[in-house]
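Each chain, written out:
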Amino acid sequence: MSAENTITSAPTTRSQAVALDEANAAIRRLRRRRQVVAYGVLIALAALFLFPIAFMIVGSFKADTSVIADSGSLRAFLPAPFVGLDNYTSAIERANFWISFRNSVIISGSIVIGGLIVNSLFGYALARMPFRGRTVLMVIVLALIIVPFETLAVPLLLIMAELRWTDTLHAQILPFLAQPLYIFLFYSFFLGIPKELEEAARIDGAGPATIFLRIAAPLAKPAYAAAGILMFLYSWGQYLWPLMVTRGIDARPLPLGVAEFLGQPPRHWGDIMAYATLMVIPLLVVFIIFQRQFVKGVATTGLKG
Amino acid sequence: MMTSAAGQRPSSNAGGRPRISRDTLTGWLFSAPAVILISAFIVLPFLLAFYFSLTNERLISPRPTEWVGLRNYERILFEDPRFWKALSNNVIFSLVVVPLQTGFALLLAILVNQKLKGMVVFRTIFFVPITVVMAAVAVIWIVLLNPQGLINALMSILTFGQFQPDWLADPAWALVAIMITSIWASVGFQMIILLAALQDVPETLYEAARLDGANNWQQFLHVTLPGIRNPLLFVLTITTILSFRLFDQVWIMPDRPGGPLDATRTLMVDIVDTGLNRGAVGLGSALSVIFLVIVLVVTLIQRRLIKQEGDV
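Structure report, in brief. (Residues numbered from 1 in each chain as written. Chains lettered and ligands numbered in written order. Predicted model: local features only at pLDDT ≥ 70, side-chain atom pairs only at ≥ 80, totals over all residues.)

What about helix α10 (residues 208-219) of chain A?
All names here are of chain A.
Then, in step 1: Taking 1.5 Å per residue as the helical rise, α10 with its 12 residues ought to reach 16 Å, and the 15 Å between its terminal C-alpha atoms agrees with that figure.
Then, in step 2: Regarding α10, the residues found buried are Pro208, Ile211, Phe212 and Ala216. Buried residues of α10, seen end-on, are gathered within an arc of 95° and therefore sit on one face of the element. Residues of α10 that are exposed and point over 90 degrees away from its buried face: Leu213 and Pro218. (Helix = DSSP H or I, 4+ residues; strand = E, 2+ residues; numbered from the N terminus. Expected span 1.5 Å × (residues − 1). Buried ≥ 20, exposed ≤ 12 C-beta atoms within 10 Å, placed from the backbone. Arc of directions from axis to C-beta.)

Notes on the interface of chain A and chain B
Then, in step 1: Listed per partner, the contact involves 73 residues of chain A and 77 residues of chain B.
Then, in step 2: Split by residue class, the side of chain A that touches chain B holds 58 nonpolar, 10 polar and five charged. (Contact = placed C-beta atoms within 7 Å. Nonpolar A, V, L, I, M, F, W, Y, C, P; charged D, E, K, R; others polar.)

Some remarks on the packing of helix α4 (residues 97-128) of chain A against helix α11 (residues 221-237) of chain A
Residue and element names in this part refer to chain A.
Then, in step 1: At a minimum axis distance of 9 Å, the contact between α4 and α11 shows a crossing angle of 145°. Taken as a pair, α4 and α11 cross one another with a handedness that is right-handed. On α11, the residues that touch Ser104, Ile107, Ser108, Ile111, Val112, Gly115, Leu116, Asn119 and Ser120 of α4 are Tyr224, Ala227, Gly228, Met231, Phe232, Ser235 and Trp236.
Then, in step 2: A per-class count over the contact of α4 with α11 returns nine nonpolar, seven polar and no charged. (Axes fitted to C-alpha atoms, helices over the stretch in contact; angles between N-to-C directions. Left-handed = near helix turned anticlockwise from the far one by under 90°.)

What about the nonpolar core?
Then, in step 1: Grouped together as the largest cluster of nonpolar side chains are 168 residues, with contacts concentrated most on Phe186 of chain A together with Ala136 of chain B.
Then, in step 2: No other element matches the 15 residues that helix α8 (residues 174-200) of chain B contributes to this core.
Then, in step 3: Residues contacting Phe186 of chain A, with those up to four places away along its chain left out, are Asn119, Ser120, Gly123, Tyr124, Ala220, Ala223 and Ala227 of chain A. (Core = buried A, V, L, I, M, F, W, Y, C linked by C-beta atoms within 7 Å.)

Here we look at unusual backbone geometry
Then, in step 1: For the bond from Ala80 of chain A to Pro81 of chain A, the omega torsion is -5°, close enough to zero to count as cis.
Then, in step 2: Backbone geometry at Asp167 of chain A places phi at a positive 65°, although glycine is not the residue there.
Then, in step 3: Tracing the backbone shows Asp167 of chain A in the loop between α6 (149-162) and α7 (170-173).
Then, in step 4: Take Asp167 of chain A: there are 16 C-beta atoms within 10 Å of it, and that puts it in the partly exposed class.
Then, in step 5: Positive phi is not limited to glycine here, since Asp262 of chain B has a value of about 60°.
Then, in step 6: By the secondary structure assignment, Asp262 of chain B is in the loop between α12 (248-252) and α13 (267-277).

Note that all results are geometric; they support no functional claim without further evidence.
As structure tokens, this is what we get:
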């Protein structure tokens with residue numbers, strides 16, 4: 001790779017050979033210098049992207065007052081005065097962390113599991129089953145992809161109020177199970193899988209449910225991974241809808257807990273950073289484990305503001 | 001499937017019918033859960049948004065709902081300066097953030113697309129903020145942007161101490177503070193899409209351009225940009241739409257949502273404020289419909305631009 005641009009034609013005399021060596025060395029030096037510049041820029045940018053996260057984690061181990069006092073200097077990145085897990089214990093207590101954590105896990109877990117089932121079944125039917133009404137449904141799904149949830153929030157809130165579903169977990173789960181974007185994702189994926197295996201199974205007498213469970217769904221693992229990760233990313237961070245549909249702590253997910261700390265001064269910044277860290281860790285772990293699917297999933301759709 | 005049915009019962013010409021109805025039955029069985037959920041939680045509220053926008057519906061109301069025609073729209077468009085303030089904040093935010101963030105994302109994508117070692121590591125680092133919950137992003141940046149915070153320490157070095165605003169409390173700078181936060185939080189997403197696009201541009205095009213004596217900048221202008229035209233348009237559109245959905249940061253970061261002095265009030269803050277805090281579902285629905293129209297217009301413009309290229 002590195003030799004592709006060096007001069008390699010056969011030297012005719014000794015002096016020419018020396019000149020060629022020098023020229024090649026110069027080219028190599030230039031390339032090396034450009035590499036150094038490139039890495040320098042990349043490292044500076046990496047610092048820019050990582051420092052707020054480092055700031056949060058370090059802050060979560062510092063005394064409350066030092067978080068702000070040190071926030072303008074490099075001391076912000078020194079966990080001193082070190083308070084151990086004090087911030088964590090106090091944040092967990094103050095914001096009723098475990099209740100919110102349980103709520104977030106139930107909400108996100110249900111949306112991911114339920115959403116994968118419901119959307120993949122529908123996507124599969126649209127891609128593979130020649131049933132009456134399919135075209136109309138397809139058109140509706142495609143049209144609804146464009147409709148942002150924000151447009152539906154206010155009327156949906158009234159529906160929830162009428163049903164007396166405010167302050168419940170299912171009010172935060174049911175509206176996000178069936179989503180046109182994921183239906184379309186599964187539809188396109190199933191279209192791209194060759195039909196032969198499914199047809200062979202059908203000739204052997206397998207019913208549609210068996211064919212879906214035993215053959216089509218296992219082949220669509222990448223689609224399940226991408227959609228599942230996106231559903232988790234989106235539902236774990238949701239703020240708008242829980243803000244509208246919950247009042248007390250009972251059904252409140254994690255992100256709303258930050259309000260608990262920001263409301264009345266003095267603000268305990270060590271606690272806040274500890275709470276933020278706790279909130280971020282589950283997604284970070286999922287990201288580290290499923291990095292490739294994560295990146296691919298985000299590249300194929302479009303989420304997060 | 002159809003052929004096997006015909007093979008077994010060649011006599012039943014119209015007899016495809018029971019067969020079709022079984023297909024239709026399984027098709028609908030597979031579709032039913034999603035169709036029911038979509039009807040209840042997307043189609044119904046969608047239609048209700050239009051209906052409520054023409055009434056004085058309230059969240060909790062002792063009085064019966066009345067039909068008010070286009071009165072809600074009149075009130076919003078002609079009598080509500082806060083709506084125009086919110087809309088103009090969204091527009092300013094878009095006009096600054098969309099080109100800046102897309103340009104920055106393209107730069108990052110080009111940097112990590114170099115054939116050097118360790119590029120995956122940098123790609124991952126630039127992507128990490130995507131996984132940070134927006135509420136956490138907001139509280140981190142409240143501290144970073146405080147008058148004595150790191151951002152001002154940096155500003156002080158760059159401007160010799162001339163420029164150190166109280167970002168989130170100063171109406172002149174609050175929206176800028178939100179812009180900085182938002183770009184940090186989501187530029188990695190645009191980078192990933194553009195990186196995929198860059199890798200799809202055939203290397204032979206660059207070789208041909210180099211043979212014609214094109215320098216790096218000329219290669220970028222005449223090979224890279226045309227090669228990633230449609231993904232770039234997609235990124236511009238989706239970033240525009242996302243910037244109109246701006247909510248979490250402006251709700252959490254200033255002392256009061258949308259503050260100070262409505263400097264960071266957005267359409268979404270307006271919608272939540274109207275529909276939830278004031279319980280004015282009719283008015284909030286009208287705002288939602290206006291919001292939808294804006295999103296549709298942006299989407300249609302993008303479709304138009306992409307189609308044009310297909311025609312040429």
